[in-house]
Amino acid sequence: MKIAPIFGAIALCLPAFTQADTIGFEIGTSVWNQNYAGTVQSGPNSIDVEQTLGLQDETDKSFYLLIEHPIPLIPNFLFAKTEISVEETGTINVGFNFDGAEFTEDALVTTDSDLSYTDLTLYYELLDNWINFDAGITVRQFDGGITLTGNGLTAREKFDDILPMLYLAAKFDLPLTGLYIGGDMNTLSYNGDALVDYKLNIGYETSFGLGLEAGWRSFDLDFADSSDEKIDTAIDGGYASIFYHF
């Protein structure tokens, strides 16, 4: 399934911004408990990913690298990779057509779903004190899709587009504690289609840069390529991460 953005870029009107005093790096990794809900369609039938395909909770991982610098006008850099993949085998409770393949009721079907993506974000710091606020643009590349195997058939719909998204992030430091609360969001909305990906969190960073963070993460995709090619999927759940800031 293809998403083809009609626009070429998102333009941001940024006010005066601050930059870091020195070059800073942050690396982190997290685990995310992913709960699947929603439907997919490639043909005449809308297929429930939980009730029909049997997609269960899955724990997956992500990684990021952040670089901030003091050079005016040049944006800061954030690279991130997030895994959203699950494979389940089960007996389907209703027959359906997917990508031209007919899967009959009570057939044993293996579902391999992969919505993993890689992000490159360029952003500016608009506030940088006990309140931190960043804004920029994320270029997100998907490289996956959904594959169904059963009844002696294999059907696959790719999901491998590159999308420009608005990036916003905020963090509120609690003075003299090392604790903070915050969140970030990547979002795209156009002509009834939407992708919203956000995190809400609480964390703690030690004086030497090692930190822990936990919170809630949500990925919500609602897209229709045509009247019989649709995806309306929500994946959310708690996450925990460890990072080092130096």
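Higher on the page you've got the structure.
Rules of the game
- Residues numbered from 1 in each chain as written.
- Predicted model: local features only at pLDDT ≥ 70, side-chain atom pairs only at ≥ 80, totals over all residues.
- Heavy atoms only, no water.
- Pairing = 2+ DSSP bridges.
- Helix = DSSP H or I, 4+ residues; strand = E, 2+ residues; numbered from the N terminus.
- Axes fitted to C-alpha atoms, helices over the stretch in contact; angles between N-to-C directions.
- Salt bridge = Lys/Arg side-chain N within 4 Å of Asp/Glu carboxyl O.
- Buried < 20%, exposed > 50% of the residue type's maximum accessible area, 1.4 Å probe, protein only.
- Patch = residues over 30% accessible without salt bridge, like charges linked within 9 Å, V, L, I, M, F, W, Y side chains within 5 Å.
- Areas by Shrake-Rupley, 256 points an atom, 1.4 Å probe, with all protein chains shown as cover.
- Phe/Tyr/Trp six-rings, centres within 6.5 Å; stacked < 30°, edge-to-face > 60°.
- Lys NZ or Arg CZ within 6 Å of the ring centre and 35° of its normal.

**Some points on the sheet that holds strand β12 (residues 153-159)**
With respect to topology, four strands assemble into an open sheet ordered β5-β8-β11-β12, the strand pairing being antiparallel. The sheet is open, and its two borders are formed by β5 (85-91) and β12, each paired with just one other strand. Recorded for the sheet is a direction-independent mean angle of 10° between the axes of neighbouring strands. Relative to strand β8 (residues 108-114), β5 runs antiparallel, the two sharing seven bridges. Bridging from a neighbouring strand, Glu87 pairs with Asp112 of β8.

**Some details on the pattern of salt bridges**
As enumerated under the stated definition, the model contains three salt bridges in all. Arg140 serves as the salt-bridge partner of Asp197, at 3.0 Å between the closest nitrogen and oxygen. Placement of Asp197 in strand β15 (residues 193-205) and of Arg140 in strand β10 (residues 131-142) is noted, with a sequence separation of 57 residues between them. Where Lys199 meets Asp184, a salt bridge forms, and the shortest distance between an N and an O atom there is 2.9 Å. One end of the pair, Lys199, is in strand β15; the other, Asp184, is in strand β14 (residues 179-190), with 15 residues separating them in the sequence. Just as Lys199 is buried, Asp184 falls in that class too. Bridged by salt links that share partners, the residues Asp119, Arg140 and Asp197 form one connected network.

**Quick notes on a nonpolar patch on the surface**
A grouping of Ile27, Phe63, Phe208, Leu210, Leu212, Ile242, Tyr244 and Phe246 is seen on the molecular surface, where their side chains present a nonpolar patch of about 750 Å² in accessible area. Counting only elements with at least two residues in the nonpolar patch, the list comes to β16 (210-226) and β17 (229-245). Mapped onto the secondary structure, Phe246 falls in the segment after β17. With a relative accessible area of 47%, Phe246 lands in the partly exposed category.

**Quick look at the packing of aromatic side chains**
Scanning the model with the defined rule gives eight aromatic pairs in all. When the ring of Phe142 is compared with that of Phe159, the centres are 4.6 Å apart and the planes differ by 70°; the resulting orientation is edge-to-face. On the criterion of sequence distance, the pair formed by Phe142 in strand β10 and Phe159 in strand β12 is long-range, its members being 17 residues apart. Given the relative accessible area of 5%, Phe159 is considered buried. In textbook terms, an aromatic cluster arises when at least three aromatic residues are bridged by ring pairs, as seen for Tyr117, Phe142, Phe159 and Phe219. Over the face of the ring belonging to Trp32 we find Arg217, whose NZ or CZ atom lies 4.8 Å from the ring centre.

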